[in-house]
Structure formats: structure tokens, C-alpha cells
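Observations on the three-dimensional arrangement
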Amino acid sequence: MGDLFLVRHGETEWSRSGRHTGSTDVPLTEHGRDEARRLEPLIRSHRIGAAFVSPARRARETAELIGLHDVQIDAGLREWDYGGYEGVTTPEIQRTRPGWFLFTDGVAPGPADHPGETPEQVGERADRVLAQVDAAHAATEADVVLVAHGHFLRVLTARRLGLPASAGALFQLATGTLCRLGTEHGRPVIAAWNVRPGS
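Residues numbered from 1 in each chain as written. Predicted model: local features only at pLDDT ≥ 70, side-chain atom pairs only at ≥ 80, totals over all residues. Heavy atoms only, no water.

1. Notes on the nonpolar core
Membership of the largest hydrophobic core comes to 31 residues, with the highest contact counts inside it found for Leu4, Leu6, Trp80, Val144, Leu146, Phe152 and Leu156. Mapped onto this core, the elements with two or more residues apiece are strand S1 (4-8), strand S2 (48-53), helix H5 (102-105), helix H6 (119-140), strand S4 (143-148), helix H7 (150-160) and strand S5 (178-184). Each residue touching Leu156, except ones within four places of it in the same chain, is listed here: Leu4, Leu6, Ala126, Val129, Leu130 and Leu146. One finds Ala59, Ile66, Leu68 and Leu178 within the second-largest nonpolar core, a separate group that totals 14 residues. (Core = buried A, V, L, I, M, F, W, Y, C linked by side-chain atoms within 4.5 Å. Buried < 20%, exposed > 50% of the residue type's maximum accessible area, 1.4 Å probe, protein only. Helix = DSSP H or I, 4+ residues; strand = E, 2+ residues; numbered from the N terminus. Contact = heavy atoms within 4.5 Å.)

2. Brief notes about the environment of Pro115
Considering the arrangement of structural elements, one finds Pro115 in the loop between H5 and H6. Overall, the relative accessible area of 44% leaves Pro115 in the partly exposed class. Measuring from C-alpha to C-alpha, the distance between Pro115 and His151 comes to 17 Å, with 36 residues separating the pair along the chain.

3. Some points on the pattern of salt bridges
Inspection of the entire model under this criterion finds 14 salt bridges. Residues Glu35 and Arg196 are paired through a salt bridge, measuring 3.2 Å at the closest nitrogen-oxygen approach. With a gap of 161 residues between them, Glu35 in helix H2 (residues 30-44) and Arg196 in the segment after strand S6 (187-195) connect regions that are remote in the sequence. Between Glu117 and Arg78 there is a salt bridge whose closest N-O contact spans 3.9 Å. Of the two residues, Glu117 sits in the loop between H5 and H6 while Arg78 sits in the loop between strand S3 (72-73) and helix H4 (90-96), which places them 39 residues apart along the sequence. A relative accessible area of 36% means that Arg78 is categorised as partly exposed. Through salt bridges with shared partners, a single network forms among Glu30, Arg33, Asp34, Arg37 and Glu61. (Salt bridge = Lys/Arg side-chain N within 4 Å of Asp/Glu carboxyl O.)

4. A closer look at the sheet that holds S5
Taken in spatial order, the six strands make up an open sheet running S3-S2-S4-S1-S5-S6, and their pairing is mixed. Here the strands that pair on one side only, and so sit at the sheet edges, are S3 and S6. In the packing of H2 onto the sheet, the strands contacted are S1, S2, S4, S5 and S6, and the crossing angle to S5 comes to about 25 degrees. Along the sheet, helix H3 (residues 57-65) makes contact with S1, S2, S3 and S4, crossing S4 at roughly 140 degrees. (Pairing = 2+ DSSP bridges. Axes fitted to C-alpha atoms, helices over the stretch in contact; angles between N-to-C directions.)

5. Comments concerning H7
In terms of residue burial, H7 counts as a mostly covered element, since 10 of its 11 residues are buried. Looking at the packing, one finds that the buried side of H7 touches S1, H5, H6, S4, S5 and S6. One or two positions beyond H7, positive phi appears at Gly162, with a value near 80 degrees.

6. Structural notes on the pairing of S4
Where burial is concerned, most of S4 is hidden: six out of the six residues are buried. Of the two faces of S4, the one lined by Asp143, Val145 and Val147 and the one lined by Val144, Leu146 and Ala148 are each fully buried. Here S1 pairs with S4 via five bridges, running parallel. When the sheet's bridge partners are listed, Val7 is paired in S4 with Val147. Relative to S4, S2 runs parallel, the two sharing five bridges. By the bridge assignment, Val53 is partnered in S4 with Val147.

7. What about H3?
When we look at burial in H3, the residues that qualify are Arg58, Ala59, Thr62 and Ala63. Down the axis of H3, the smallest arc covering the buried residues is 135 degrees, so these residues share one side. Contacts made by the buried residues of H3 are with S1, H2, S2 and S4. Trailing H3 by a residue or two, Gly67 shows a phi angle of about 95 degrees, which is positive. (Arc of directions from axis to C-beta.)

Written as C-alpha cells, this is what we have:
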């Protein structure tokens, strides 16, 4: 069984300012493009059997910049649906909801096309993605890469480790970084986290 590589897309204007960016299709900044380009040698050094990418432009561009061209766009990899908190920062939310924490409290309801997701709903979506990853591992006997978003990949990591979705809070994930989930004695482990070239 191969490893699972997670790539968070490069920086955007909204990620830099801390705005929750779910459905809004914000492009990469030039710094974000540079972050992605620097990951290319790390990806190239592995045998990749399958690669899946979120439909968001920032993720698709990151995938291209790291040298992944034969990728499958997977809507399951989209970022958390932040509902009424789309585009809002955590300090702004906490002005009216002191102590609010995404991974335990979820989001405020949003419009009909983006009503928001609970942590459990994001966890269920992550489980479906992980089932696809396992199928790809079995079919290719090589590594799999997911290019997606910070909060979603944190929840996915928690679920891979057998933890509840809320445990995604434990895994801070920077833009333009590579993480590797592997196994030890048949059990899932974090083999590398927030890796950048030279780190």
C-alpha cells in the first residue's frame, strides 16, 4: 500500500487575511504560486499512482504547478461549506459568538446553495474520499496525492487516524505545504507534516 500525500493549495488573498474561503473561488497570489512551484521536486521524487484535486481554481492551479497533470477533479475534496461565515474571519465571528470554534461549533446557516456543514458532515465526506483513496491504492500499488483545502484536509487526517472530525483541530496546516500519511505496523500514522523544501 502506498502513502497518501496531502497538499494544501498555495496562498490566496483570503487565506492570508484569515477569511473563511469555502465556495468563493479566490485565485492564488503570486506568493501562493511560488509556494506551489517549490513543492514540485517533492512530488516528483515519488511514484504517484493517482491524484485527485478539488474543483476550486486555487487547488487546480496548485496541482498543475506541482507537476500533476493527470488528475481527477473530485467535488468531495471541496473546502468546508462555511454557510453564513463565508468570507468572515474568526475574530469577526467571535465578536458576536465569543469562544466560537469551527471544529466543535460548526457554522451559521447560509443561503440555500451553501447552507453550511457540521463537522460531522465534513467527516462523512472525508470518509468517502478516503474510500476512493483506498481503492486507488489497491488498483495502482503506488502513492496517492490529494490537492485540496486546509480545514477539509485537517478533518480528513483525523478520520484517517480513526479520530472524530473535531480532532482536525489538532493539525495546523499551512498553505503550500505537503503532508504524508503512511502506516506503521499496519496502522495509519502521520509520517510528515507541513513540509516545504528545505524544512
